[in-house]
Amino acid sequence: MDQLSRRQLLAGAGAAAAAMALAACGQDDEGKTDDLSGNRDGAMASYGAGEQFRATTALSFPIMLLSSASYPYKADWLFWSELTKRTNVTLEPVVVPGSDYNQKRSVMISGGAAPLIIPKTYHPDEEAYIAGGAILPVSDYTELMPNFKQQISTWNLKNDLDAYRQADGKFYLLPGLHEDVWLDYSIAVRTDVLQQLGLQIPQTYDELATVLRAMKTAHPDIYPMTDRWNNPTPGGNLLGNLSAAYGTLAGWDYQNATWDPTAGKFVFTGSMAPFKAMLQYLNTLITDKLLDPETFTQQDDAARQKFASGKAFVMSCNAQTLVNELRKDIAKIPGATVVKIPRLTGPLGNVKQATSRLENGVLISRKAKDSKNFVAMLQFIDWLYYSDAGKLFAKWGIEGTTYTGNLDSGIKLAPDVNWGGLNPTGTKNLQVDYGFFNGVFAYGGSTKYLNSQFTTEERKFQEVMNARKTLPLPPAHPLNADEREQATLWETALKDHVTQQSLKFILGQRPFTDWDTYTNELKGKNMTQYIDLVNKAYERFKKSNG
Amino acid sequence: MDALTRQAPVGAGSAPEAPAAPRLVPRRRTWRRALRRDWQLYSLAVLPLMFFVVFRYLPMVGNVIAFRRFRPGGSIFGETWVGLRYVRLFVSDPTFWQVFGNTLKIGSLTVLFCFPLPVVLALLLNEIRTRWLQRFVQSVTYLPHFLSVVVVAAIVFQVLSLDGVVNQGLAVVGHAAVPFMQQPGWFRAIYVSSEVWQTVGWGTILYLAALTTIDEDLYEAARLDGAGRWRQAWHVTLPGIRPTMMTLLILNVGTFMAVGFEKVLLLYNPLTYPSADVISTYLYRVGVVSGSFSYAAAIGLFESVIGLTLVLVTNAISRRTVGTSLW
Amino acid sequence: MRRSRGERVFTACNAVFLTGVVVLTLYPFVNIVARSLSAEHAIRTGQVNLRPLGFNLTTYRVVLSDSVFWTDYGNTVLYTAVSTAVSMVLTVCYAYVLSRRDVKGRGVLVGVAVFTMFFTGGLIPNYVLVSALGLRNSVWAIALPNAINVFNLLVMKSFFESLPVELQEAAAVDGLGTYGMLVRIVLPLSKAMVATMVLFYAVAFWNSWFPAFLYLDRAELFPVTIYLRNLIAGATAGTDQNAASDTALQIAANIQAVTIVLTVLPIMLVYPFIQRYFVRGLMLGAVKG
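Residues numbered from 1 in each chain as written. Chains lettered and ligands numbered in written order. Predicted model: local features only at pLDDT ≥ 70, side-chain atom pairs only at ≥ 80, totals over all residues. Heavy atoms only, no water.

A.B. asks: Can you explain the overall build of chain C? Please cite residues and give values.
C.D. replies: Each helix and strand counted, chain C has 14 helices and zero strands in total. Reading chain C from its N end, one meets helices and strands in the order α-α-α-α-α-α-α-α-α-α-α-α-α-α. Compactness check: chain C gives a C-alpha radius of gyration of 24 Å against a globular reference of 19 Å for 289 residues, more than 25% above the reference. In terms of overall dimensions, chain C has C-alpha extents of about 80 × 70 × 30 Å along its principal axes. (Helix = DSSP H or I, 4+ residues; strand = E, 2+ residues; numbered from the N terminus. Rg over C-alpha atoms; globule rule 2.2 N^0.38 Å.)

A.B. asks: Go over the overall build of chain A with me, naming the residues and quoting the values.
C.D. replies: Of the regular secondary structure elements, chain A holds 18 helices and 16 strands. Taking 24 Å as the expected radius of gyration for a compact globule of 546 residues, we find that chain A reaches 25 Å, a close match to that expectation. In terms of its C-alpha atoms, chain A occupies a principal-axis envelope of roughly 75 × 60 × 50 Å. Per-residue burial for chain A yields a buried fraction of 59% across its 546 residues. Taking all contacts inside chain A whose residues are at least 6 apart in sequence as the whole, residues at least 24 apart take part in 75%. In the form shown here, chain A has an accessible surface area of approximately 20,700 Å², with 51% of it arising from carbon and sulfur atoms. Across chain A, the mean location of the 55 positive side-chain charges is 2 Å away from that of the 58 negative side-chain charges. (Buried < 20%, exposed > 50% of the residue type's maximum accessible area, 1.4 Å probe, protein only. Contact = heavy atoms within 4.5 Å. Areas by Shrake-Rupley, 256 points an atom, 1.4 Å probe, with all protein chains shown as cover. Lys, Arg positive; Asp, Glu negative; His and termini not counted. Charge placed at Lys NZ, Arg CZ, Asp CG, Glu CD.)

A.B. asks: Describe the domain arrangement of chain A, listing the residues and the values that go with them.
C.D. replies: Residue and element names in this part refer to chain A. For chain A, the assigned domains read domain 1 (21–30 + 41–179 + 357–387) and domain 2 (393–470). Each partner contributes to the interface: domain 1 provides 28 residues, whereas domain 2 provides 22 residues. Ranking the residues of domain 1 by area buried against domain 2 places Tyr71, Leu78 and Phe79 at the top, with a combined share of 30%. Linking domain 1 with domain 2 are eleven residue pairs in polar contact (both at pLDDT 80 or more). Those elements giving two or more residues to the side of domain 1 that touches domain 2 turn out to be β1 (59–67), α2 (78–87), β3 (117–121), β4 (174–177), β11 (358–364) and α12 (374–386). Considering every element that reaches the side of domain 1 that touches domain 2, the biggest residue donor is α2, with six residues. For the side of domain 1 that touches domain 2, the per-class residue count stands at 17 nonpolar, five polar and six charged. (Domains from an automatic or database assignment. Buried area = accessible area lost by both parts, 1.4 Å probe. Polar contact = N/O pair within 3.5 Å; in protein donor to acceptor, adjacent residues only side chain to side chain. Nonpolar A, V, L, I, M, F, W, Y, C, P; charged D, E, K, R; others polar.)

A.B. asks: Talk me through the packing of aromatic side chains; I want residue IDs and the actual numbers.
C.D. replies: Centre distance and the angle of the planes are the two values used to describe a pair of aromatic rings. Evaluated as defined, the whole model comprises 70 aromatic pairs over all chains. Here Tyr385(A) and Tyr386(A) contribute two aromatic rings whose centre-to-centre distance is 6.4 Å and whose plane-to-plane angle is 45°, an arrangement assigned as tilted. Considered together, Tyr385(A) and Tyr386(A) belong to a single accessibility category, that of buried residues. An angle of 80° between the planes, with centres 6.2 Å apart, marks the rings of Tyr96(C) and Phe160(C) as edge-to-face. With Tyr96(C) in helix α4 (residues 67–99) and Phe160(C) in helix α8 (residues 150–161), the pair connects residues that are 64 residues apart, well separated along the chain. When the ring centre of Phe461(A) is taken as origin, the NZ or CZ atom of Lys340(A), which lies over that ring, is 3.8 Å away. A cation sits over an aromatic face here: Arg229(C) above Trp209(C), 3.7 Å from the ring centre. (Phe/Tyr/Trp six-rings, centres within 6.5 Å; stacked < 30°, edge-to-face > 60°. Lys NZ or Arg CZ within 6 Å of the ring centre and 35° of its normal.)

A.B. asks: Help me get a handle on the interface of chain B and chain C, residues and values and all.
C.D. replies: Facing the 88 residues of chain B at the interface are 95 residues of chain C. Both sides together, the interface formed by chain B and chain C hides about 8,500 Å², and carbon and sulfur atoms give 72% of it. Its largest share of buried area at the contact with chain C, chain B owes to Leu41(B), Phe55(B) and Trp327(B), together 8% of the area lost on that side. At the boundary of chain B and chain C, one finds one salt bridge. The shortest N-O distance in the salt bridge between Arg37(B) and Asp102(C) comes to 3.2 Å. Our count for the contact surface shared by chain B and chain C stands at 18 residue pairs in polar contact (both at pLDDT 80 or more). Sorting the residues of the side of chain B that touches chain C by element identifies α1 (31–60), α4 (116–126), α5 (131–141), α6 (149–160), α8 (184–211), α9 (216–224), α10 (229–254) and α14 (293–321) of chain B as the ones contributing at least two each. At 23 residues, the largest contribution of residues to the side of chain B that touches chain C is made by α1(B). (Salt bridge = Lys/Arg side-chain N within 4 Å of Asp/Glu carboxyl O.)

A.B. asks: Could you give me a rundown of the side chain of Asn283(A), with the residues and numbers involved?
C.D. replies: Residues and elements named next belong to chain A. Turning to its location among the elements, asparagine 283 is positioned in helix α9 (residues 273–287). Exposure remark for asparagine 283: the relative accessible area of 16% places this residue in the buried category. Sequence-distant contacts of asparagine 283, that is, excluding residues within four places in its chain, are made with Phe505, Ile506, Leu507, Gly508 and Phe512.

A.B. asks: Let's hear about the sheet that holds strand β8 (residues 314–317) of chain A: which residues, and what values?
C.D. replies: Residues and elements named next belong to chain A. One open sheet holds the three strands; their spatial order is β8-β5-β9, and the pairing between them is antiparallel. The sheet is open, and its two edges are formed by β8 and β9 (338–341), each paired on a single side. Strand-to-strand twist in this sheet, taken as the mean axis angle between neighbours without regard to direction, amounts to 35°. In terms of strand pairing, strand β5 (residues 186–190) meets β8 through four bridges, oriented antiparallel. Of the residues in β8, the one forming a bridge with isoleucine 187 is serine 316. (Pairing = 2+ DSSP bridges. Axes fitted to C-alpha atoms, helices over the stretch in contact; angles between N-to-C directions.)

A.B. asks: Give me the interface of chain A and chain C: which residues, what numbers.
C.D. replies: Listed as interface residues are 46 residues of chain A and, on the opposing side, 37 residues of chain C. Between chain A and chain C we count three salt bridges in total. Its salt-bridge partner being Arg229(C), residue Asp100(A) comes within 2.8 Å of it at the nearest N-O pair. Linking chain A with chain C are ten residue pairs in polar contact (both at pLDDT 80 or more). Put simply, the parts of the chain that give the side of chain A that touches chain C at least two residues each are α1 (6–12), β2 (89–97), α3 (101–110), α10 (300–308) and α11 (319–329) of chain A. Sorting elements by how many residues they give to the side of chain A that touches chain C places α11(A) first, with six residues. A breakdown of the residues in the side of chain A that touches chain C according to their chemical character gives 19 nonpolar, 18 polar and nine charged.

A.B. asks: Summarise the pattern of salt bridges; cite the residues concerned and give the values.
C.D. replies: Residue and element names in this part refer to chain A. Tallied over the entire structure, the rule returns 41 salt bridges over all chains. One salt bridge connects aspartate 192 with arginine 190, and the closest N-O pair in it is separated by 2.9 Å. Both residues of the pair, aspartate 192 and arginine 190, belong to the buried class. Between arginine 484 and glutamate 491 there is a salt bridge; the shortest N-O distance is 3.9 Å. Each of the two residues, arginine 484 as well as glutamate 491, counts as buried. Because the salt bridges share partners, they merge into one network encompassing Arg228, Asp300, Arg304, Glu325 and Asp329.

A.B. asks: Could you give an account of helix α9 (residues 165–173) of chain C, naming the residues involved and the relevant values?
C.D. replies: Within the span of α9(C), buried status applies to Leu167(C), Gln168(C), Glu169(C) and Ala171(C). Its buried side turned inward, α9(C) meets α10 (178–189) of chain C.

A.B. asks: Kindly report on the packing of α9(A) against helix α16 (residues 481–507) of chain A, identifying the contributing residues and their values.
C.D. replies: All names here are of chain A. One way to put it is that α9 packs onto α16 with a least axis distance of 7 Å and a crossing angle of 40°. Judged by the inter-axis angle, α9 sits oblique to α16. On the side of α9, the interface is formed by Phe275, Leu279, Leu282, Asn283 and Ile286, while α16 contributes Val498, Ser502, Phe505, Ile506 and Leu507. (Parallel < 35°, antiparallel > 145°, perpendicular 65-115°, else oblique.)

A.B. asks: Could you give an account of α8(B), naming the residues involved and the relevant values?
C.D. replies: All names here are of chain B. When the terminal C-alpha atoms of α8 are compared, their 40 Å separation across 28 residues agrees well with the 40 Å that a helix rising 1.5 Å per residue should span. The axis of α8 is deflected most strongly, by about 40°, at valine 200. For α8, the buried fraction is high: 20 of the 28 residues fall into the buried class. (Expected span 1.5 Å × (residues − 1). Bend = angle between axes of the 7 residues up to and from the residue.)

A.B. asks: Give me the lowdown on the environment of Asn156(A), citing residues and values where you can.
C.D. replies: Residues and elements named next belong to chain A. Mapped onto the fold, asparagine 156 is located in the loop between α4 (146–154) and α5 (158–162). Residues asparagine 156 and glutamate 179, 23 residues apart in the sequence, show an inter-C-alpha distance of 8.5 Å. Those residues within four positions of asparagine 156 in sequence are excluded, and the remaining contacts are Gln151 and Arg357.

A.B. asks: Account for the environment of Leu64(C), with residues named and values stated.
C.D. replies: Residue and element names in this part refer to chain C. Along the chain, leucine 64 turns up in helix α3 (residues 58–64). Owing to a relative accessible area of 32%, leucine 64 belongs among the partly exposed residues under this scheme. Placed 181 residues apart in sequence, leucine 64 and serine 245 show a C-alpha to C-alpha distance of 19 Å. Leaving out residues up to four positions away in the same chain, leucine 64 has contacts with Phe69, Trp70 and Leu262.

A.B. asks: Which residues make up the domain arrangement of chain C, and what values go with them?
C.D. replies: By domain assignment, chain C separates into domain 1 (1–56) and domain 2 (82–192). Distance from the C-alpha centre of domain 1 of chain C to the C-alpha centre of domain 2 of chain C: 39 Å.

Pasting the structure below:
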């Protein structure tokens, strides 16, 4: 039986070996490219935002294509032929099964065999490839991508983009851009149980505790709340949501360094007062037997089973799992209803956490620069991924054939085309049969663009969330290659200790009177040195990049 | 001149004699003689040797990145010499030594249990008189080998959950439920048990094949000497499969540090890191942030040296005691 | 032959013990088969035990009616056949050479093999090598890089060594050269071991997905293991917020179970043919006469 060896997994792992700090240019120079006169074959002489891109000669580009199991790659998709018709560009896919995309990408890049266009890359995975010179600093070429530039400025994404910059001030990933922060994960609650007990949907974590207590009184031999998504981060979503409400970072959002706006510097997350307060809150839930002790270690299926058989009433969810998993799971329980509630707030009040509005994006191989068609390729990518027309095409297809309407008036799928239950009578599927709405090409976008795919329920959720004030992002603090190598080992040791002790504190295996001993243990693991390193990097970046 | 023709012909009646002339004792063998005499044998070895050289030894050069800084996308042989930098990096990392210890403990326990049990099971299966029953039992016991590691982990979780079978049993005898998956003390037992369960059936296949080669006459002779079932097993069966056993033992000892990465990754969590975290999972967590191939290569070489040393030692012991050797 | 009381007690204990082993190893498998035939809801609420609940063949139907599945299945058969053949030839030849104690340089030859068990090149050098040899996107990328498994090699060698040395002499007298000795004498006497090695290699190649994943870039060349692995991964991730079809949900619930059944079934069907070699007394009469 094939077992993944450590080396094989490492090859698929992500990043950091960021480039050395070069003398940074100011950012007003950004995007001004060097002489590209030899690379303009096939490019449009004047290409601006909002224009349809069309190569002047027929071109073809190799691209790494993630083949999702839900809609596996088909060579005869309408998407391909229509794309060629509109842009005069044919894409040659290197097909990679979605189950192990990261690993194959890593091997192909490291082995020098990667195609020119490499999409579906999440930050900071691209950092591993920078020092070896495998990918282009795309920030140098944004002058050739008018739609991208326009979206950055219209939606005010400069701070988000800064977080993607390396110590040399450049960014190497062309990210997906969102107009608004898009938060999807939250908590699902059995509303019929709330109704039976005469309770309202909780809005703060304290109210949640009250609700759970009432549930426990009515159902003494179960734990009202359980959770899933524990691998590889225990309590990934639970702690993530909670930490945002308390003003720290935990779960999926955990970083060793948290930005403290009042102090104007970074502090260590695991020893912060809000972090402790958060752990104390969870410990109360455990002690009062409101939260399942297996919450942080069980597998997803076990959590779902508890929810499905009525042994738990509150659990983490996102829009997809709510509709496709939780609602279906409780279908046989008479009268059971479940709803995804807006994220609970805590001591910080009615705010939304600082989340980047950027998401996964495209890498460009360094070899592309040698190609005669380099400029055309960038224009093509700009059109497909960042122009309104390109995005609409990638998501919904051809007006009249696969859909009618537009983003303002609403998109309606063609009569025999179905996607996600929007058109149940449709015999063909937008993704499977036509190749549109493919995660490799259609993502990010304006709020209207996103809303076109949301259910009414989800739109209401987003409305509530968007009404909250968004906290500012922490400032960038990139490390250089040497710092990164040492920092990695420190970070792992610190993060391991924090996660391990957090669980012990929560589960009551360690009393909170031990908190100072715990902080000293962290000092013994180089906590102070690490935070100093981060603050130094922050100061350095601030000085050179303004 | 063919040395083989010098030997006394073996035929009926000549077997018990000590061979008259030295048969295959080398007489100042030089390579030329050897090649001439055994060219057919060497010809059989040509293709396999080519395989080893091309597909095994050639890529080994890549290990040089343990001593050079490697950047993904740059030269696969690394950029600059850094000497023992990465070795020093992991030697001075206290977490590394902790996970190294865990790897040793889990690895040795696995060998300790997973090596003898297939032998025992093979012997027991051998005692089933009814042929079809023996075949049925044997076919069933190898099934767990085919379960993917994900499924096995799911089974382990299910069985050991707070309301799983084991805790239900504990409840019957009045014991409080134990959260097995959250306690570092239980991890080794859990891991080794699941390994035994998965491998014992498949492991018997090899021994059953080896058992077929034991001469029936030896059993007959033992029975005539009045040996019961135990004596037969001890004096006939076990010695008969000893070469296979010893070879497998040497190989298992040599590779004992290759603890199943995927399985540990699925079964562990931060609460059990103290005993569950092994070298491969630790590197995975470190690697997720840094992608440091050089660091991994340095550790890999370290493990390789240990493994090779163990094989040589075990082989020497085996040669001295029972005469089986890889060489 | 009357069995002593001790022997009867032993037989009884053996029977009990082996029954326990059978139950422990068979139960999860029966559970998996049941799950592969059960309805989604029963699976999600954990009710499925030994019998299928809400019997349906939906997932089987979807998988087995997908032409991609059959293309990939054919690929797997091809890869397994070719790879096993290559591996067996190389392994048998080399093991035989190693088993001859009179071969000069034997130690070196063994050392060459054993050393590779511990020192490997790493992922990237292997990838670059296979790429440079032009083997990517062909069956040879699967068959060649893992042709010889040193474990199998050494076990086979030790087995050849245990064959009586008189055979060699007898064969020489009969005028057989090395090749003849190997093919006419040694191999027929090693049927059980050869069958076992064929089984080991074939199963390993049958289940392997990593080399195919690494060296094949075209979807039509993928083996069925990649198809199934992707299906499992896809069933657990997903991005649309709107209702997936009931079929999709049913598949998500038991695709893993179906995968296991489809993977194990062929091997279970083939195995009895291997088993008949595990018969005692094959050596009878080999040396005498």
